[in-house]
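Take a look at the letters that make up each chain.
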Amino acid sequence: MKNIKAFTMPKWGIEMQEGTISEWVVKEGQSFKKGEIIALIETDKISNEVEAEFDGVLRKIVTPSGQTEPVGALLGVFGDTDVPDGEIETFAQSFEAADTGTAVGRNSDSAAPAPVETSVAEAPAPSAPAISDTSFDNLNISPKARELAIELQVDATQISGSGRNGRITYQDVHQASRPDAAVDLGGALPVPADDESIFASPLAKRLAAMNGIDLKGVTGSGARGRIRKEDVFALLPDAGARPQASLAENADNTPQIVEMDKIRKVIAKRLTEAKSTIPHFYIRSDFDVENLLEFRRIGNKVLSTKASLNDYLVKAVGRALVEHPDVNVQVHDDKIHYYPHANVGVAIAAKSGLITPVVKNVDLMDISDISRATTQLIKKANTGKLGFADLEGGTLTISNLGMMGVDQFDAIINPPQGSILAIGGISRVMTEMEDGSGEFRSKLSVAMSCDHRAIDGAAGAKFMATLKSMIEDPELFF
Amino acid sequence: MAELMLREAILQTLFAEMERDENVVVLGEDIVGGMGTEGGPEAIGGIWGTSTGLYDKFGGDRVIDTPISESAIIGAAGGLGLTGKRPVAEIMFADFLGVCMDQIWNQMAKFRYMFGGKTECPAVVRMIYGAGLNAAAQHSQAPHGILTSMPGLKVVMPSTPADAKGLLTTAIRDQDPVIFLEHKALYAEKGEVPEGEYTIPFGHARLAHAGEDVTIVAAGLMVKFATKAAQGLAEQGIGCDVIDLRTTSPLDEEAILDSVENTGRLVVVDESPPRCGLATDIVSLVTNKAYASLKAPPEMVTSPHTPVPFARELEKAYLPSPGKIADAVQRTLAWK
Amino acid sequence: MQISEDALKQAYRQMKTIRMFEERLHDEIMTGEIAGFTHLYAGQEAVAVGVCEHLDYNDTIASTHRGHGHCIAKGCDVRGMMLEIYGRADGICKGKGGSMHIADIEKGMLGANGIVGGGPPIVVGAALAAKLYGDGRLAVAFSGDGACNQGTTFEAMNLAVVTNAPAIFAFENNHYSEHTGVAYAVGSKDIASRAESFGMKAWRVDGCDFFKVYETMGEVVDHVRAGKGPAAVEFDTERFFGHFEGDPQNYRGEGEIARLREERDSIKIFREHAAKNKLVSKKDLDAIDKEVSDLIDKSVEESRAAAPPTAEDVLTDVYIDYI
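Residues numbered from 1 in each chain as written. Chains lettered and ligands numbered in written order. Predicted model: local features only at pLDDT ≥ 70, side-chain atom pairs only at ≥ 80, totals over all residues. Heavy atoms only, no water.

Within chain B, the regular secondary structure consists of twelve helices and 14 strands. By the compact-globule yardstick of 20 Å for 336 residues, chain B fits well, its C-alpha radius of gyration being 20 Å. Each principal axis of the C-alpha distribution contributes one length, and for chain B these read about 65 × 45 × 40 Å. Buried residues in chain B amount to 68% of all 336 residues. Contacts in chain B between residues at least 24 apart in sequence constitute 79% of all its contacts with a sequence separation of at least 6. In the structure as shown, chain B presents an accessible area of about 10,300 Å², 53% of it carried by carbon and sulfur atoms. Taken as two groups, the 28 positive and 43 negative side-chain charges of chain B have centres that lie 4 Å from each other. (Helix = DSSP H or I, 4+ residues; strand = E, 2+ residues; numbered from the N terminus. Rg over C-alpha atoms; globule rule 2.2 N^0.38 Å. Buried < 20%, exposed > 50% of the residue type's maximum accessible area, 1.4 Å probe, protein only. Contact = heavy atoms within 4.5 Å. Areas by Shrake-Rupley, 256 points an atom, 1.4 Å probe, with all protein chains shown as cover. Lys, Arg positive; Asp, Glu negative; His and termini not counted. Charge placed at Lys NZ, Arg CZ, Asp CG, Glu CD.)

Right, dumping it as structure tokens:
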């Protein structure tokens, strides 16, 4: 490189970040002598002349006048006349400005987008050796942290301590033992346009803006009349929405009196009758439904149906009923009606109240039929379109409160039906298997209420036993 | 509205107040510049450009260029204040507080109290502070923490040109001694400034950014960094309240506590070292008064316990930054 | 030098008040009833009175930790001062300042100062204000031979010269800065020459003779009020008590205090001069003695019985208006 020099934006003063060439006094290609003015440069504070420090030629102007460049940027290239243009060009292209960025200037960093890993490790896998008193003998850890680590079985040696010189604190152990944070983020909000003539705290202004309250002319209760959030609350239309200390005292608790509608009257009458006239007795049993659940999963896939668990129960009950004709009955005063096929009622919690439409001849239906039928009935029930035919002829109703979180309950018989089956929840229970090992199995809680006028204890028990064996081995009722 | 640099807003305010009240007197080193030289007065016009032209308009009796003697300057401000004038004294670099500490700490701050409430000293001491321009250890400090701890002083830290004008106007009209801190790296910062005179009350923070997830408290230059961090975080769905304190004494406690009661998370940004500073002051306020609302321990983003270093890379590592603030926000959100 | 008989009697009254105030405090402090540090001015009365008799309420003064004398000479209420030193609610500073921060701005007394060298910078400010008021008022900084070594004093002197401020730097050389002698602590041959080298006119005068002080100060005050710039005066004076009350004064020479009280007692010197030149009658001076004595007695009695401030008073008067 022969005698090529860069002419860069000078730094005049500690604060100068950039400058503008207001005029090139020496033109491109012109030579100049030491002491002559080369260019005029302006900053936001001053305008100054750049004097040549040596004799030379301005071979190339890189930054035209009127353009603003940061300190250190290339403005022009000086070179002897015998330097070929190509070299001047190359020099200009490959010039790198010095990093004159300050901590606060153009090069200051922006927010790092990626969330940061916390420095505390997760608690170790359960297969690590048990943590005891001696596990942390040489560890820089506070007494309380050590105690907590032992109590929670946290391997403190994996924790990077936040205390001085890496000392592990109680807080570090506490954090290491806990599951990851699950934060519900609200996100950014617009900053309300600020009217500085209104003297209110930032939050008060925000609350007012959110609730469409005009604070003009409002005098606040804060120092020097500043409006505070309490003042805004007092201006809100439903000031009663704020929790008040004497809510209980001031609340109006007079009841609203509503007359029962027709359906409710009917239900009330019938169930009162049932409970007071029918001699109920109860048989309770827990069914192992592990196999049924799996059976349903596969069965639904194979048959391309969406039969509910209840639908499977309906099918099983239907089969069991025809095997026990003495339970498949209706009771009318002193007459017993024995049905050849199973009509099983399904209790539905419709909007108007409890209703129990009947699926007819269940024993002759396959699971997809049953599913379709129950779906239909539910729809009709919810749209108030059940007819009398839907409701009569049943011998047993299945009432399922399991999905409501109930363990077990006893239902009231729907006369003239002979019995009702109350299905509770499924729980996971440790069960002893045939080989003596223990396994968690799903257990369904079932309670049958029988009309003792027609069904004896033994009959009911036998029915339940059959039902149990079918449900526990679903292939039996398919 | 006009777009002004912060330094221009200061100059404009000084002109306006000196015009309005003949008792306003300005004093400091090189605020005129060129006194006793061939170049003549106003050869410099103040090294920061915040007093240019005052001497020409108001004369040498009210615009007093002083020798380098901080104790005398600030002491004189105290004396001027006690005897019915409204002095605005400048300390060229806030670090020189060390040279005149007595006149602020033992004299000006305590006159009213020691003299049984019978005196008034409406002095303003403007100090140019802060790091970011590689001015190194003795020309880059931020002494707002020490000054805030002194009873009898009010401490103001504007972050925008509009705030600088309103707060300086209030400071000059205030009857108590006021320390007015101007960040040297904010001097060239531009912003919309309303025309005409207006005041901004002390102890009245500004909400620079709004959100419901984290509260960030900052003052001076740190407000710019905090706002930048908040904007970046908003793109990730994280909403931040950025509270620009404007004055650290008196402090807008309410704005801070109301926000933390809403968000439950606090990050305080302060460009001074961590011990016994503004950040610790605010964290302790919040933990004491809003403990029940906190969902995570409060975080502080401060400079380290070191003097301000010289080299560019070092100073950058020294100062808080939008990135460090965003990291702190994420830490409060990761609390388990 | 012309000074009327009334003015002389007033000057004597002031000097005697200072003397009796300080002597009485010396005794009362022994009882333990008065809290904190007290620094007594007895022996230097001629300076405070000789200066302040040329000033009115528009002129301001700032004092040192040894401020009772300046305070009384400037016209502050003696009763209020005693109450303040006793720390009572009705004290001149509501019990919040005490001996070291005694002040009364209405009388132009900008306060005694617990920081050595704290006063001169403040006085330059007051002088700059005086210049702006433009009515010939001035400001006086009382300093000791201790403060004359403090950087702030030099800064203040230079700033006063450079701004042509109407400030008077009054150096009371009582030969001891705390427990160190002037012969050791002050490197230059005297204090006045320091002021001169800063560019201001300086006078030297015997500080134990009221008449000499008064005459010299007449020149000084005229110079300053005429706008000829700041001035300095070095007074050669003595203090009879220790640096602070409780100071065992082991640094004194044998019989020194007795000799000072005999040969350098400004009250004695005044009386002698007044008698010799038939300026004021002994009878009149004795009557003043009695009145002053009664005033001091009454002040002490009242202060002993007066109510102290309450705990709530701690929080008031920090700001005029905060939040």
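That shown, we press on.
A few words on the UniProt feature "domain: Dehydrogenase E1 component" (unreviewed entry) in chain C. Following the UniProt record, the feature "domain: Dehydrogenase E1 component" (unreviewed entry) maps to residues 13–310 of chain C here. Span residues 13–310 of chain C is 46% helix and 11% strand, its end C-alpha atoms 35 Å apart. (UniProt positions renumbered as here; feature names shortened; annotations may be inferred.)

A few words now on the sheet that holds strand 16 (residues 358–359) of chain A. Within a sheet, each strand pairs with its neighbour through backbone hydrogen bonds, oriented either parallel or antiparallel. Residue and element names in this part refer to chain A. A sheet is described by the order of its strands in space; here six strands give the open sequence 10-19-18-17-13-16, paired in mixed fashion. Both outer strands of the open sheet, strand 10 (280–288) and strand 16, are each paired with one neighbouring strand and no more. Bridge count between strand 17 (residues 396–400) and strand 18 (residues 419–432): five bridges; the pairing is parallel. Looking at the pairing, Asn400 lines up with Ile423 of strand 18. Running over the sheet, helix 8 (residues 290–303) touches strand 10, strand 18 and strand 19 (438–451) and is turned about 95 degrees from strand 19. (Pairing = 2+ DSSP bridges. Axes fitted to C-alpha atoms, helices over the stretch in contact; angles between N-to-C directions.)

One frequently used descriptor of interface size is the decrease in accessible area upon assembly of the parts. Residues and elements named next belong to chain B. Looking at chain B, the domain boundaries give domain 1 (2–193) and domain 2 (206–334). Relative to domain 2, the C-alpha centre of domain 1 lies at a distance of 27 Å. In this complex, domain 1 contributes 28 residues to the contact, which on the side of domain 2 involves 24 residues. Summed over both sides, the interface between domain 1 and domain 2 buries roughly 2,000 Å², with carbon and sulfur atoms accounting for 54% of that surface. For the interface between domain 1 and domain 2, the tally reads three salt bridges. Elements supplying a minimum of two residues to the side of domain 1 that touches domain 2: helix 6 (144–148), strand 6 (154–156) and helix 7 (161–173). Its residues placed into classes, the side of domain 1 that touches domain 2 shows 15 nonpolar, ten polar and three charged. (Domains from an automatic or database assignment. Buried area = accessible area lost by both parts, 1.4 Å probe. Salt bridge = Lys/Arg side-chain N within 4 Å of Asp/Glu carboxyl O. Nonpolar A, V, L, I, M, F, W, Y, C, P; charged D, E, K, R; others polar.)

Okay, the interface of chain A and chain B next. Facing the 49 residues of chain A at the interface are 59 residues of chain B. Counting the surface lost from both chain A and chain B, the interface buries some 4,500 Å², and carbon and sulfur atoms represent 55% of this. On the surface where chain A and chain B come into contact, there are five salt bridges. Here B:Asp258 makes a salt bridge to A:Lys229, at a shortest N to O gap of 2.8 Å. Put simply, the parts of the chain that give the side of chain A that touches chain B at least two residues each are helix 3 (170–176), strand 9 (188–189) and helix 4 (202–210) of chain A. A breakdown of the residues in the side of chain A that touches chain B according to their chemical character gives 20 nonpolar, 14 polar and 15 charged. With two bridges connecting them, strand 9 of chain A and strand 9 (residues 206–211) of chain B associate as antiparallel partners. Across the sheet, A:Ala188 pairs through a bridge with B:Gly211, a residue of strand 9 of chain B.

Moving on: empty space enclosed by the protein. On inspection of all chains with the given rule, the structure shows three cavities of 30 Å³ or more. The calculated volume of the largest cavity comes to roughly 70 Å³. Along the walls of the largest cavity sit B:Met108, B:Ala109, B:Phe111, B:Arg112, B:Thr119, B:Glu120, B:Cys121, B:Gly152, B:Gln175, B:Asp176, B:Pro177 and C:Val318, which together make up its complete lining. In this model, the second largest cavity occupies a volume close to 40 Å³. Within the lining of the second largest cavity, the residues separate by chemical class into six nonpolar, one polar and two charged. Residue-level mapping places the lining of the second largest cavity at the junction of two domains, with at least three residues from each of domain 1 (2–193) and domain 2 (206–334) of chain B. (1 Å grid on protein atoms, 1.4 Å probe; cavity = no way out; pocket = protein on both sides within 12 Å on 5 of 7 lines; lining within 4 Å. Points joined across faces, edges and corners; volume = space filled by probe spheres on them.)

For the rest of this paragraph, the subject is the packing of aromatic side chains. Per the counting criterion, the structure on display carries 20 aromatic pairs over all chains. Cluster of aromatic residues (ring-pair linked, three or more members): A:Phe7, A:Trp24, A:Phe32, A:Phe54 and A:Phe78. Cation over ring: B:Lys85 sits above C:Tyr133, and NZ or CZ is 4.1 Å from the ring centre. Taking the ring centre of C:Phe241 as reference, the NZ or CZ of C:Arg261 above it sits at 5.4 Å. (Phe/Tyr/Trp six-rings, centres within 6.5 Å; stacked < 30°, edge-to-face > 60°. Lys NZ or Arg CZ within 6 Å of the ring centre and 35° of its normal.)

Residues and elements named next belong to chain A. Pairing is antiparallel in the open sheet, where four strands are placed in the order 1-8-6-3. Edge positions in the open sheet fall to strand 1 (4–8) and strand 3 (31–32), since each of these has one partner strand only. Bridge analysis of strand 1 against strand 8 (residues 74–79) gives five bridges, and the strand direction is antiparallel. Residue Ala6 lies in a different strand from strand 8, and its bridge partner there is Val77.

Inspection of the secondary structure assignment puts A:Gly186 in the loop between helix 3 and strand 9. Residue classification places A:Gly186 among the partly exposed residues on the basis of a relative accessible area of 44%.

What follows concerns unusual backbone geometry. Following A:Pro415, the chain continues into A:Pro416 via a peptide bond in cis, with omega recorded as 10 degrees. Looking at where A:Pro416 falls in the secondary structure, it is placed in the loop between strand 17 and strand 18. Put simply, B:Ser249 and B:Pro250 share a cis peptide bond, and its omega is 0 degrees. Note on placement: B:Pro250 falls in the loop between strand 12 (247–249) and helix 9 (253–263). We note that A:Asn165 has phi near 55 degrees; this positive angle belongs to a residue other than glycine.

This part covers the UniProt feature "domain: Transketolase-like pyrimidine-binding" (unreviewed entry) in chain B. Look at the UniProt record and you will see "domain: Transketolase-like pyrimidine-binding" (unreviewed entry) annotated at residues 4–189 of chain B. With 36% helix and 18% strand, residues 4–189 of chain B has its two end C-alpha atoms placed 8 Å apart.

Its location among the elements puts A:Gln30 in the loop between strand 2 (18–24) and strand 3. For the pair formed by A:Gln30 and A:Asp410, sequence separation is 380 residues and the distance between their alpha carbons is 109 Å.

Residues and elements named next belong to chain B. Across the interface, helix 3 (residues 70–82) lies against helix 4 (residues 97–108) with an axial gap of 7 Å and an inter-helix angle of 20 degrees. As judged from the angle between their axes, helix 3 and helix 4 are roughly parallel. Crossing geometry of helix 3 relative to helix 4 is assigned as right-handed. Where helix 3 approaches helix 4, its residues Glu70, Ser71, Ile74, Gly75, Ala77 and Gly78 are matched on the opposing element by Val99, Cys100, Gln103, Ile104 and Met108. For the contact of helix 3 with helix 4, the per-class residue count stands at six nonpolar, four polar and one charged. (Parallel < 35°, antiparallel > 145°, perpendicular 65-115°, else oblique. Left-handed = near helix turned anticlockwise from the far one by under 90°.)

This paragraph deals with helix 2 (residues 143–152) of chain A. All names here are of chain A. Taken as a whole, helix 2 has its buried residues at Ala145, Leu148 and Ala149. Buried residues in helix 2, looked at end-on, bunch into an arc of 100 degrees, giving them a common side. Within helix 2, the exposed residues directed more than 90 degrees away from the buried face are Pro143, Lys144 and Glu151. If you follow the buried residues of helix 2, they end up packed against helix 3. (Arc of directions from axis to C-beta.)

Now for helix 4 of chain A. Every α-helix carries 3.6 residues per turn, so stepping three or four residues along brings you back to the same face. Extensive coverage of helix 4 of chain A is indicated by the burial of seven of its nine residues. Turning to helix 4 of chain A, its buried residues number three or more, namely A:Pro202, A:Leu203, A:Ala204, A:Lys205, A:Arg206, A:Leu207 and A:Ala208. Close packing links the buried residues of helix 4 of chain A with strand 9 and helix 5 (229–235) of chain A together with strand 9, strand 11 (240–244) and helix 9 of chain B. A:Gly212 sits one or two positions beyond helix 4 of chain A and adopts a positive phi of about 65 degrees.

Next up on the list: the side chain of C:Gln249. Residue position: C:Gln249 is located in the loop between strand 7 (231–236) and helix 10 (256–263). Those residues in contact with C:Gln249 that lie beyond four places of it in its chain are C:Arg239, C:Phe240, C:Phe241, C:Gly242 and C:Ile257.

Residue and element names in this part refer to chain C. At a closest axis distance of 9 Å, the pairing of helix 1 (residues 5–30) and helix 2 (residues 45–52) adopts a crossing angle of 140 degrees. By the angle class used here, helix 1 and helix 2 are oblique. Helix 1 and helix 2 meet at a crossing whose hand is right-handed. Within the contact between the two elements, helix 1 uses Ala11, Gln14, Met15, Ile18 and Arg19 and helix 2 uses Glu45, Ala46, Ala48 and Val49. Split by residue class, the contact of helix 1 with helix 2 holds six nonpolar, one polar and two charged.

The next subject is the environment of A:Leu75. All names here are of chain A. Residue placement: Leu75 occurs in strand 8. Once the C-alpha coordinates of Leu75 and Phe7 are considered, the two residues, 68 residues apart in sequence, prove to be 5.6 Å apart. Sequence-distant contacts of Leu75, that is, excluding residues within four places in its chain, are made with Phe7, Thr8, Met9, Ile21, Trp24, Ile41, Ile61, Val62, Thr63 and Glu69.

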